[in-house]
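Commentary on secondary and tertiary structure
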Amino acid sequence: MNTYDAIIIGGSFAGLSAAMQLARARRPILIIDGGQPRNRFAAHSHGVFTHDGAPGNELLEQARAQLAAYPTVSFVSDYATQAEDRGDHFSIRTESGKTYAGKRLLLATGLSDRLPDLAGLAERWGKTVLHCPYCHGYEINQGKIGVLASVPMSVHQASIVADWGDVTLFTNGKIELDDEALNLLRKRKVQIETTPVISIEGASPALDGLRLADGRKIQLDALFVAVQAEQSSPLTAQLGCDFDETPMGLIVRTSNVKLTSVTGVYAAGDAARVPHNITLAMADGVMAAMGVHQSLIAAEVAHA
């Protein structure tokens, strides 16, 4: 079996950015990707330097096309389901039953968002129900914005989103506001609504408001939700990687060069950092690739 210098699991922004660095070092690498990037629900990717407003899938297609020009890069369209440390290499088994070997693993497997159970929310996710104001806030054009409380950090989110429009925080029975939170929201001119929300209304994917339990309808142009997320892949747990708890869920613990707690396994992108956006994921991938490359050099020198 051919053994790659590195296998990259996940071909979105972190994984492809890492692949570019290793390809330019002329290292034989394999990218395994199932084609389900976290931002696939959003039509456009904003705030990406020189690519503001470009569809995320187009950016990924361009990256794959550029990588295909490098002779040491291989792609597999599949899902990695099992990972095993064999001592001198890592073995990866995919959903289709194939097995691949790599001297290093770079996990860019991303996160999956756990959406609140609210009628009308899932079909609007990434369109008019949003997570990141830096990615989507400008396009609301200073309209009426709701923030649906789901986690304690929703107060922080509402205070930030207030720069992009007229904000109402819907506590929805999920959070209690102490004096510090109330003072912050007052200073940021955020209105507070404590009546529970029962549905999102409007012609999906658009929305025109939230229906409350008392029958009232609050007019809105967009809704933000600070969701928690979970690891999209079982590989990090299978390999025994350590995790860190964050307000948005577990992320893989890594060093300054993106090495996990398992020797030879690196992690980058949303699965291994906070906060999350495309630019940060790309930078994370670059750093991880440098870590992988230099660890390969160290091993080769040691065994020369």
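Going by what an unreviewed UniProt entry lists, the protein chain is known as NAD(P)/FAD-dependent oxidoreductase and is assigned to Herminiimonas contaminans.

**Observations regarding the environment of leucine 106**
Mapped onto the fold, leucine 106 is located in strand β6 (residues 99–107). It is 7.4 Å that separates the C-alpha atoms of leucine 106 and alanine 288, two residues lying 182 residues apart in sequence.

**Quick notes on the UniProt feature "domain: FAD/NAD(P)-binding" (unreviewed entry) in the protein chain**
Look at the UniProt record and you will see "domain: FAD/NAD(P)-binding" (unreviewed entry) annotated at residues 4–285. As annotated, residues 4–285 has a helix share of 20% and a strand share of 30%, and its two end C-alpha atoms lie 18 Å apart.

**Thoughts on helix α4 (residues 154–161)**
Counting buried residues along α4, six of its eight residues qualify, which places the element largely inside the surrounding structure. Residues of α4 that are buried make contact with α3 (133–136), β9 (144–148), β10 (166–170), α5 (179–187) and β15 (222–225).

**Examining the environment of glycine 285**
Relative to the helices and strands, glycine 285 resides in helix α7 (residues 278–303). Residue classification places glycine 285 among the buried positions, given a relative accessible area of 0%. Taking the C-alpha atoms as reference points, glycine 285 and asparagine 256, separated by 29 residues in sequence, lie 12 Å from one another. Residue contacts for glycine 285: discarding those within four places in its chain leaves Ala14, Ser17, Ala18 and Ala268.

Conventions adopted
- Residues numbered from 1 in each chain as written.
- Predicted model: local features only at pLDDT ≥ 70, side-chain atom pairs only at ≥ 80, totals over all residues.
- Heavy atoms only, no water.
- Helix = DSSP H or I, 4+ residues; strand = E, 2+ residues; numbered from the N terminus.
- UniProt positions renumbered as here; feature names shortened; annotations may be inferred.
- Buried < 20%, exposed > 50% of the residue type's maximum accessible area, 1.4 Å probe, protein only.
- Contact = heavy atoms within 4.5 Å.

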